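Examining the three-dimensional arrangement
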Amino acid sequence: MGLTASVLAIDAGNSKTDVAVVAADGTVLATARGDGFRPPAVGVTAAVDALADTVTRAYTAAGVGSAVHVSACLANADLPVEEEQLAAALDTRAWGASVDVRNDTFAILRAGVAEPRGVAVVCGAGINCVGMRPDGRTARFPALGRLSGDWGGGWGLAEEAMWHAARAEDGRGGPTALAEALPSHFGLPSMYALIEALHLEHIAPSRRHELTPVLFGTARDGDPVARTIVDRLAREVVAMATVALTRLDLLEEETPVLLGGGVLTAGQELLDDGIRELLAARAPKAVASVVRERPVLGAALLGLDRLGADADVQRRVRAHFDAG
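Here's a quick rundown of the structure. The structure presented is a predicted model; accordingly, all values stated were derived computationally and were not measured.

Quick notes on the rules
Residues numbered from 1 in each chain as written. Predicted model: local features only at pLDDT ≥ 70, side-chain atom pairs only at ≥ 80, totals over all residues. Heavy atoms only, no water. Helix = DSSP H or I, 4+ residues; strand = E, 2+ residues; numbered from the N terminus. Buried < 20%, exposed > 50% of the residue type's maximum accessible area, 1.4 Å probe, protein only. Expected span 1.5 Å × (residues − 1). Contact = heavy atoms within 4.5 Å. Pairing = 2+ DSSP bridges. Axes fitted to C-alpha atoms, helices over the stretch in contact; angles between N-to-C directions. Parallel < 35°, antiparallel > 145°, perpendicular 65-115°, else oblique. Left-handed = near helix turned anticlockwise from the far one by under 90°. Nonpolar A, V, L, I, M, F, W, Y, C, P; charged D, E, K, R; others polar. Salt bridge = Lys/Arg side-chain N within 4 Å of Asp/Glu carboxyl O. Phe/Tyr/Trp six-rings, centres within 6.5 Å; stacked < 30°, edge-to-face > 60°. Lys NZ or Arg CZ within 6 Å of the ring centre and 35° of its normal. Arc of directions from axis to C-beta.

Keep in mind that most residues, glycine aside, have a negative phi and that most peptide bonds are trans. For alanine 94, which is not glycine, the phi dihedral falls at a positive 55°. Here alanine 94 is to be found in the loop between α3 (80-91) and β5 (96-103). Classification of alanine 94 as exposed rests on a relative accessible area of 54%. Even without glycine at this site, alanine 143 takes up a positive phi of about 55°.

Structure representation (structure tokens):
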């Protein structure tokens, strides 16, 4: 166990953690999967303790005891000060000679591009956007929800749909098919019944995300209110991407704009078409595509970038995950 790998790559999201141990020639020596990474809920120390089990399993499988560099892309590292705190916590574990911590959205971006250049918008439970250039410049947003000016994400969409449906049923708002579609999804007769079931947790709070596909289905069936919500999300995605491109002086260059996260990879035609139409108008040289590569690949590539690995090494890492 005295041997050393080149990169320890960590992609830690709210629901799961993926780890990869990469040799200097780009060979992936081992991978491991663990639980989610949630420092706001359990504290930094406990969250890093949970990472330790996954890292130990990966190192044991790889037959190494440490790495030259730790490249960690972590959920909830939303501000630079949080990245610094988490980097300090990981550094105490002596998993590598150097440590870089980034928000996990950077892993999705790097996984989808051949070089560290482009913009990614990720819409899962929440919404976030980051951009990078090979010279090290980055663009990012705090991504703390409404507190930081964000709108969207699966939770936000479900909440917005509930708001309109509740007001439609009791008369405060205009009519929308959401007033029937949302409670029907749970086998309930009315919005009042759904509100009560969610408030009293007869329906688990975690199931609210199931309302987002119902919203898209209702929009697809022609409901104007549901369509307005979907259109707003398209505008938000394009607004974030355009600002990031502008900050990085990439608006006038052909640049990848990657779409990730459960909402943006679900193949919702209305949303996809809206994003591409708006992006063509506001950033005509942007090249939009959905990124489906595993984010831990992006964490590994960011680590190899840091170490100055050549293109052959990076291709070997990418081939491993493509084959998987």
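Moving on from the coordinates now.
With 19 residues, helix α2 (residues 44-62) extends 27 Å between its outermost C-alpha atoms, agreeing within 8% with the 27 Å of an ideal straight helix rising 1.5 Å per residue. On the buried face of α2, the contacting elements are β1 (4-12), β2 (16-22), β3 (28-35), α1 (39-42), β4 (66-74) and α3. A positive backbone phi angle near 75° is found at glycine 63, which sits one or two residues after α2.

A few words now on the sheet that holds β3. Ordered by their spatial adjacency, five strands build an open sheet running β3-β2-β1-β4-β5, and the pairing between neighbours is mixed. If you trace the sheet from one side to the other, it starts and ends with β3 and β5, each paired once. Neighbour-to-neighbour, the strand axes of the sheet open up by a mean angle of 15°, direction not taken into account. Along the sheet, α2 makes contact with β1, β2, β3 and β4, crossing β3 at roughly 155°. Against the sheet, helix α11 (residues 295-307) touches β1, β2, β4 and β5, its axis set at about 140° to β1.

This part covers the packing of helix α9 (residues 224-247) against helix α10 (residues 269-282). Where α9 contacts α10, the axes come no closer than 9 Å and their chain directions differ by 40°. Classified by the interaxial angle, the pair formed by α9 and α10 is oblique. Relative to α10, α9 is oriented so that their crossing is right-handed. For the pair formed by α9 and α10, the contact residues are Arg227, Val230, Leu233, Ala234, Arg235, Val237, Val238, Ala239, Ala241 and Thr242 on the first element and Leu270, Leu271, Gly274, Ile275, Leu278, Leu279 and Arg282 on the second. Looking at the contact of α9 with α10 residue by residue, the class counts come to twelve nonpolar, two polar and three charged.

Side chains that differ in charge, positive against negative, can pair when their charged atoms come close. The final tally for this structure, using the stated rule, is 16 salt bridges. The partner of arginine 294 in a salt bridge is aspartate 18, with the nearest N and O atoms 3.6 Å apart. Of the two residues, arginine 294 is situated in the loop between β10 (286-290) and α11 and aspartate 18 in strand β2; the sequence distance between them amounts to 276 residues. Close ionic contact of glutamate 160 with arginine 232 constitutes a salt bridge, the shortest N to O distance being 4.0 Å.

To describe a pair of aromatic rings, one takes the distance between the centres and the angle between the planes. The tally for this structure, following the rule as stated, stands at zero aromatic pairs. It is arginine 102 that lies over the ring of phenylalanine 106; its NZ or CZ is 5.7 Å from the centre. The aromatic ring of phenylalanine 141 is capped on one face by arginine 247, whose charged end is 4.7 Å from the ring centroid.

Attention now goes to α3. Over its twelve residues, α3 runs 16 Å from end to end, which matches the ideal 16 Å to within 8%, given 1.5 Å per residue. Listed as buried for α3 are Glu83, Leu86, Ala87, Ala89 and Leu90. For α3, the buried positions fall inside an angular range of 160° around the axis, keeping them on one side.

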